[in-house]
Amino acid sequence: MTIATATRSTSLTDHLLHHYDLAHEMVLQLAEDFDDETARLAPAPHKPLVWFLGHLTCATDYFSTLHQGTESLVTEEFSLFFAGNDNQDWSLSPSLDEMVAKYKAVHARMRDFVETLTDADLDRESPLEPVGDDRLKNLGKALSIIQMHDAYHCGQIGCLRVALGKHVPF
């Protein structure tokens, strides 16, 4: 075993990484058969797929800036457009391909970070003050929240698919 392999991650971070990837892959699978037009459709009371992708991207990006100290991968305008729950003109959002690419990019950056964590790292606190939710200050708790957040919205995307007459693949 090399030093890099020995320090890569522990069973707990492997477990967290598995669930982090699982929720991410579920979102991508739920988005597979949408196109630019259907990704912007949302019969009441649902949100459209573009909102979910933007919202999840913003949440993971914020977590990354908070715990890695990285620059945001999304603009402030993007964040304001997708982070909240206000009704929007979804025709103004980037294309579905761009939304999926942003979602994948923030996931990849966080995945690389999570893969390096040890059990001890999970008790670490962010040097930055979280906005609005003190549970995000602790790295392990914040990672769990991000995983649950993606999984929670998978359920909502599944409901959106049903409302649009689409099959839920799992």
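The structure presented is a predicted model; accordingly, all values stated were derived computationally and were not measured. (Residues numbered from 1 in each chain as written. Predicted model: local features only at pLDDT ≥ 70, side-chain atom pairs only at ≥ 80, totals over all residues. Heavy atoms only, no water.)

### Focus on the nonpolar core
Okay, so step 1: Grouped together as the largest cluster of nonpolar side chains are 25 residues, with contacts concentrated most on Val27, Leu49, Leu53, Phe82 and Leu96.
Okay, so step 2: Among the secondary structure elements, those contributing two or more residues to this core are helix H2 (11-31), helix H3 (49-68), helix H4 (76-82), helix H5 (96-115) and helix H6 (139-163).
Okay, so step 3: Per-element tally for this core: the top contributor is H3, with seven residues.
Okay, so step 4: Contacts of Val27, omitting those with residues within four sequence positions, involve Leu53, Leu56, Tyr103, Asp150, Cys154 and Ile157.
Okay, so step 5: The next biggest cluster of nonpolar side chains, apart from the first, holds 16 residues, and it includes Tyr20, Leu66, Leu117 and Leu143. (Core = buried A, V, L, I, M, F, W, Y, C linked by side-chain atoms within 4.5 Å. Buried < 20%, exposed > 50% of the residue type's maximum accessible area, 1.4 Å probe, protein only. Helix = DSSP H or I, 4+ residues; strand = E, 2+ residues; numbered from the N terminus. Contact = heavy atoms within 4.5 Å.)

### A closer look at unusual backbone geometry
Residues other than glycine predominantly adopt negative phi, and peptide bonds predominantly adopt the trans conformation.
Okay, so step 1: The peptide bond linking Ala44 to Pro45 adopts the cis configuration, its omega dihedral lying at 5°.
Okay, so step 2: You can see Pro45 is positioned in the loop between H2 and H3.

### Points about the packing of aromatic side chains
Okay, so step 1: Inspection of the entire model under this criterion finds five aromatic pairs.
Okay, so step 2: Pairing Phe81 with Phe82 gives two aromatic rings, centres 4.7 Å apart and planes at 75°, and the pair type is edge-to-face. Accessibility classification places Phe81 together with Phe82 in one group, the buried group.
Okay, so step 3: On the numbers, 5.4 Å between centres and 80° between planes, the contact of Phe81 with Trp90 is edge-to-face. For the pair formed by Phe81 and Trp90, the shared burial category is buried.
Okay, so step 4: One aromatic cluster is present, formed by Phe78, Phe81, Phe82 and Trp90 through successive ring pairs.
Okay, so step 5: Here Lys47 stacks its cationic end above the ring of Trp51, 5.8 Å away from the centre of that ring.
Okay, so step 6: Sitting above the plane of the Phe78 ring, Lys102 keeps its charged end 5.2 Å from the centroid. (Phe/Tyr/Trp six-rings, centres within 6.5 Å; stacked < 30°, edge-to-face > 60°. Lys NZ or Arg CZ within 6 Å of the ring centre and 35° of its normal.)

### Focus on the side chain of Arg109
Okay, so step 1: Mapped onto the elements of the fold, Arg109 is located in helix H5.
Okay, so step 2: Take Arg109: its relative accessible area is 18%, and that puts it in the buried class.
Okay, so step 3: Polar side-chain contacts of Arg109 include one of 3.4 Å to the side chain of Thr70. (Polar contact = N/O pair within 3.5 Å; in protein donor to acceptor, adjacent residues only side chain to side chain.)

### Considerations on the pattern of salt bridges
Okay, so step 1: The tally for this structure, following the rule as stated, stands at eight salt bridges.
Okay, so step 2: Across the salt bridge formed by Asp33 and Lys166, the nearest N and O atoms sit 3.7 Å from each other. One end of the pair, Asp33, is in the loop between H2 and H3; the other, Lys166, is in the segment after H6, and 133 residues separate them in sequence.
Okay, so step 3: On the accessibility criterion, Asp33 (42% relative accessible area) is partly exposed. (Salt bridge = Lys/Arg side-chain N within 4 Å of Asp/Glu carboxyl O.)

### Digging into the environment of Ala44
Okay, so step 1: Along the chain, Ala44 turns up in the loop between H2 and H3.
Okay, so step 2: Sequence-wise, Ala44 and Asp134 are 90 residues apart; in three dimensions their C-alpha atoms are separated by 32 Å.

### Focus: the packing of H3 against H5
Okay, so step 1: At a closest axis distance of 9 Å, the pairing of H3 and H5 adopts a crossing angle of 30°. What the angle tells us is that H3 and H5 run roughly parallel. By crossing handedness, the relation of H3 to H5 is classed as left-handed. Contacts between H3 and H5 involve Leu49, Val50, Leu53, Gly54, Leu56, Thr57, Thr60, Asp61, Phe63, Ser64, His67 and Gln68 from the former and Leu96, Met99, Val100, Lys102, Tyr103, Val106, Arg109, Met110 and Phe113 from the latter.
Okay, so step 2: Here the residues of the contact of H3 with H5 are counted per class, giving twelve nonpolar, six polar and three charged. (Axes fitted to C-alpha atoms, helices over the stretch in contact; angles between N-to-C directions. Parallel < 35°, antiparallel > 145°, perpendicular 65-115°, else oblique. Left-handed = near helix turned anticlockwise from the far one by under 90°. Nonpolar A, V, L, I, M, F, W, Y, C, P; charged D, E, K, R; others polar.)

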